[in-house]
Each structure stands twice: as structure tokens, then as C-alpha cells.
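Commentary on secondary and tertiary structure
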Amino acid sequence: MRVTQMGCYVVAVRAWKSLQKSYWSRVSSGACLDGLEREGIFAYRLSETGKQVLSGAAQPFFAQLEAVRAAVPRGARQYFHTQLLPARRDARVLYEAVERALEEAGMLSSVRDYLGCRAELRSVALQINDEYDRFWRAHFEDRGLPVPPTAFFHIDNTYGVVKAIFYLSQVGEENGPFSYVPGTHRAEVGWFEALILRAVDIWIDVYPQERDLFAALPRPLMRKAKFGDDLPSGDPQGQWLLDHERVMTSRDGDVFIFDVKGVHRGGMVRSGERRIIQVMMS
Ligand SMILES: O=C(O)CCC(=O)C(=O)O
Ligand SMILES: [Fe+2]
């Protein structure tokens, strides 16, 4: 008799806990979907356990990335020296930890609802940025030009992608916070413009020595996804973006999910170092 009572009690507690869990994941998933739709970005604070599991799973890959970086003189590092992109088959534990963390935050289901497809993790990148990185300022400094305040503002040159960025170190104003201009993901861009600004961007990324030719393009073609570098300081539209830019530090959360169609930038470290996991979903 006592055993049966105990069994009923255990079943009732489990049912209550699972009800609570599904309620809270619905609540946070509703807020996440709402944030993505209205602002293009949503921030979440992970549980301490969630953070520890993620850090543990990421540690061996950060060690690999550190080794790659240590072999290159600081000033000579390129953008690709900031990232390690392990494939799922070589990083199962890490991919599962990331998936669980995104599920805890109600984010994976929201991304699926938002994109209207069964989105999956396409890549998980470990990233270290520090004050010696030059990818966002070399093209100005090498020409003796000041870095404009809108530097590195861009939209990604992909289609139908939502990204998540997990902060694995404390991030403040100085060590490369991610930032986003809420609402810009809803800007209407026609298919031709969308095509041109991605094509021009890829062209200049692949052939940076041809950057000067950008200025010679006819006006309708003079468009770039990474446009912040091309706005002079004091440009009124650039100023609007700066006035509305939301800078996300560790005070705002541990993971940020955003539609890459919105204007954003990050990793521009002025002092210290920043460690993140960047996840691409589509
Ligand atoms: O490193 C960052 O904070 C931003 C990187 C970025 O632009 C992106 O993940 O699309
Ligand atoms: Fe980006």
C-alpha cells in the first residue's frame, strides 16, 4: 500500500514538473518569437548549469583555436584566425550542448516558427577576438584614414538565416560587444537590390585590392551588404543607425538570437578579449 502511494506521489510530482517546464518553455518561446518578429533580436540569460555544460563542451575547441592563433604573429592575423568551425561529426558533444542551450531558451522552436521551416544548426563556430584583430580597421589604417563611427555595420550576405551568439566570456563595452539596430530586419529590400548588395560585397571581400572600383560603379549598383565602412562620418543615415544601435553586453544576457537581415556588427575589440560561440541556423 505504502509503495503504491509513493508511486502515485512520484507520478504526480513528475507530471507537475513537466507541466511547469512546458509552460515556461512556451512562455519564453513566445517572447523569443515576438522579439524576433518585432525587433529582429532576442536576448536570454542561461541557467548556471546550462552555461557550465556549454563551456565544458567548447573548451577543447577553444584550446585548438588558441594553438592556431599562437602560431601567427598578432598583427598578421586575418579574420579566419578568429574562428574555428568544427563539423558536427567531429564535435557531437558541442553541437548537442548548443542545441540543448537553445532549446532551454525556447530559441530553436522560435527560429523554426519565425523562418517557417524546420531550421537546423548549420554551423557552430568558436570565436576569439582581441585588441590585435585588424579585420575591421586594417583597410582604413593602411590608407591613413580615420575609422568611421559606422565601421563594420552590415547585413549578412546569406538568405533565410537566424544566428545565435553565446558569450563565453564577460563582455562589456570595450571588448567587442555584439550590437544590432532593432527593426532594421523589416526594411524592404527588392530582389534586385538584395542580389546586387550581396554580389558586390562578396566581390570586394574576395578582391579587396579592387575596392577603389566600387566608387566607379553606376549609382544603382553602388550598394554593399557591409556598407558601414563606406559611410562618411556625419552621414545622416549613419547617424540614425548609431542613435538606434543597441549594444549587447553581458548585462543584457548570455545568448542573443538575431535575424541576419538586420543591421549589426560586433567583435571590434578595443581592449582585452572576447570569446563567443556563433551558431548559424537555417
Ligand atoms: O562577432 C560579432 O559579434 C558579430 C559577427 C557577425 O556579424 C555575425 O555573426 O554575423
Ligand atoms: Fe554578420
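Every value quoted in this text rests on a predicted model; they were computed, and no experiment measured them.

Thresholds applied
- Residues numbered from 1 in each chain as written.
- Chains lettered and ligands numbered in written order.
- Predicted model: local features only at pLDDT ≥ 70, side-chain atom pairs only at ≥ 80, totals over all residues.
- Heavy atoms only, no water.
- Pairing = 2+ DSSP bridges.
- Helix = DSSP H or I, 4+ residues; strand = E, 2+ residues; numbered from the N terminus.
- Contact = heavy atoms within 4.5 Å.
- Axes fitted to C-alpha atoms, helices over the stretch in contact; angles between N-to-C directions.
- Phe/Tyr/Trp six-rings, centres within 6.5 Å; stacked < 30°, edge-to-face > 60°.
- Buried < 20%, exposed > 50% of the residue type's maximum accessible area, 1.4 Å probe, protein only.
- Near = heavy atom within 4 Å.
- Polar contact = N/O pair within 3.5 Å; in protein donor to acceptor, adjacent residues only side chain to side chain.
- Areas by Shrake-Rupley, 256 points an atom, 1.4 Å probe, with all protein chains shown as cover.
- 1 Å grid on protein atoms, 1.4 Å probe; cavity = no way out; pocket = protein on both sides within 12 Å on 5 of 7 lines; lining within 4 Å.
- Sits in = over half its atoms within 2 Å of the grid points.
- Nonpolar A, V, L, I, M, F, W, Y, C, P; charged D, E, K, R; others polar.
- Points joined across faces, edges and corners; volume = space filled by probe spheres on them.
- Salt bridge = Lys/Arg side-chain N within 4 Å of Asp/Glu carboxyl O.
- pLDDT = per-residue confidence, 0-100.
- Disulfide = S-S within 2.5 Å.
- Patch = residues over 30% accessible without salt bridge, like charges linked within 9 Å, V, L, I, M, F, W, Y side chains within 5 Å.

1. Re the sheet that holds strand S5 (residues 178-180)
- Ordered in space as S6-S5-S8, the 3 strands form an open sheet in which the pairing is antiparallel. The open sheet has two free edges, formed respectively by strand S6 (246-248) and strand S8 (264-265), since each of these has just one partner strand.
- Bridge count between S5 and S8: 2 bridges; the pairing is antiparallel. Across the sheet, residue Tyr180 finds its bridge partner in S8, namely His264.

2. Focus on the sheet that holds strand S4 (residues 162-167)
- Across the sheet, which stays open at both edges, the 6 strands sit in the order S1-S7-S4-S9-S3-S2 with antiparallel pairing between neighbours. The strands lining the two open edges of the sheet, one partner per strand, are strand S1 (41-44) and strand S2 (83-84).
- Of the strands in this sheet, S2, strand S3 (121-130), S4 and strand S9 (273-281) touch helix H2 (residues 48-70), which is tilted by about 60° from S3.
- Sitting on the sheet, helix H4 (residues 107-115) touches S1, S3, S4, strand S7 (255-259) and S9, and the angle it makes with S7 is about 5°.

3. Comments concerning the packing of aromatic side chains
- Applying the stated criterion to the full structure yields 7 aromatic pairs.
- Ring geometry for Phe178 against Phe258: centres 4.4 Å apart, planes inclined by 35°, an arrangement best described as tilted. On the criterion of sequence distance, the pair formed by Phe178 in strand S5 and Phe258 in strand S7 is long-range, its members being 80 residues apart. Each member of the pair, Phe178 together with Phe258, is buried.

4. Quick look at the site of ligand 1
- Close to ligand 1 lie Gln127, His154, Asp156, Lys163, Ile165, Phe178, His264, Gly266, Gly267, Arg274 and Gln278.
- Residue His154 places a side-chain N or O atom 2.9 Å away from an oxygen atom belonging to ligand 1.
- Measuring from an oxygen atom of ligand 1, one finds a side-chain N or O atom of His264 at 3.1 Å.
- Against a free-state accessible area of 300 Å², the protein chains account for coverage of 96% of ligand 1.
- One can see that ligand 1 is located within the largest pocket.
- Listed by contribution, the elements that provide at least two residues to the shell around ligand 1 are S4 and S9.
- Tallied by class, the residues present in the shell around ligand 1 amount to 2 nonpolar, 6 polar and 3 charged.

5. Observations regarding the layout of surface pockets
- Approximately 1,200 Å³ is the volume attributed to the largest pocket.
- Looking at the largest pocket, it is lined by 44 residues, and the ones nearest its centre are Tyr79, Phe135, Phe152, Asp205 and Lys226.
- Mapped onto the lining of the largest pocket, the elements with two or more residues apiece are S3, helix H5 (138-141), S4, helix H6 (191-206), S8 and S9.
- With 4 residues, S9 is the largest single contributor of residues to the lining of the largest pocket.

6. Points about the pattern of salt bridges
- Across all of its chains, the model carries 22 salt bridges by this definition.
- Across the pair Glu141 and Arg134 runs a salt bridge, and its minimum N-O distance is 3.5 Å.
- Judged by relative accessible area, Arg134 falls into the partly exposed class, the value being 23%.
- Here the salt bridges share partners, and the residues they tie into one network are Arg45, Glu48, Lys51 and Asp254.

7. Digging into the confidence of the model for the protein chain
- Of all residues in the protein chain, 91% attain a pLDDT of 70 or more, and the chain-wide mean is 92.
- Below pLDDT 50 for its whole length, residues 23-27 participates in 0 contacts with residues either more than four positions away or in separate chains.

8. A short note on the state of the cysteines
- Within the structure shown, the criterion is met by 0 disulfides.
- Of the cysteine sulfurs around Cys32, a residue in no disulfide, the closest is that of Cys117, at 14 Å.

9. Concerning the environment of Glu99
- Among the secondary structure elements, Glu99 is positioned in helix H3 (residues 92-104).
- In this structure Glu99 comes out as buried when scored by relative accessible area, which is 16%.
- A sequence separation of 182 residues divides Glu99 from Met281, and the C-alpha atoms of the two residues are 11 Å apart.
- In this view, Glu99 contacts Arg88, Leu108 and Leu121; residues no more than four positions away in its chain are not counted.

10. Topic: a nonpolar patch on the surface
- Nonpolar side chains collect at one region of the surface, where Tyr159, Trp191, Phe192 and Leu195 lie side by side and expose about 530 Å² of accessible area between them.
- Looking at the element boundaries, Tyr159 is found in the loop between H5 and S4.

11. Focus on the side chain of Ser250
- With respect to the helices and strands, Ser250 occurs in the loop between S6 and S7.
- A distance of 2.6 Å separates the side chain of Ser250 from the backbone nitrogen of Val171, its partner in a polar contact.
- Residues in contact with Ser250, not counting those within four places in the same chain, are Arg45, Tyr167, Ser169, Gln170 and Val171.

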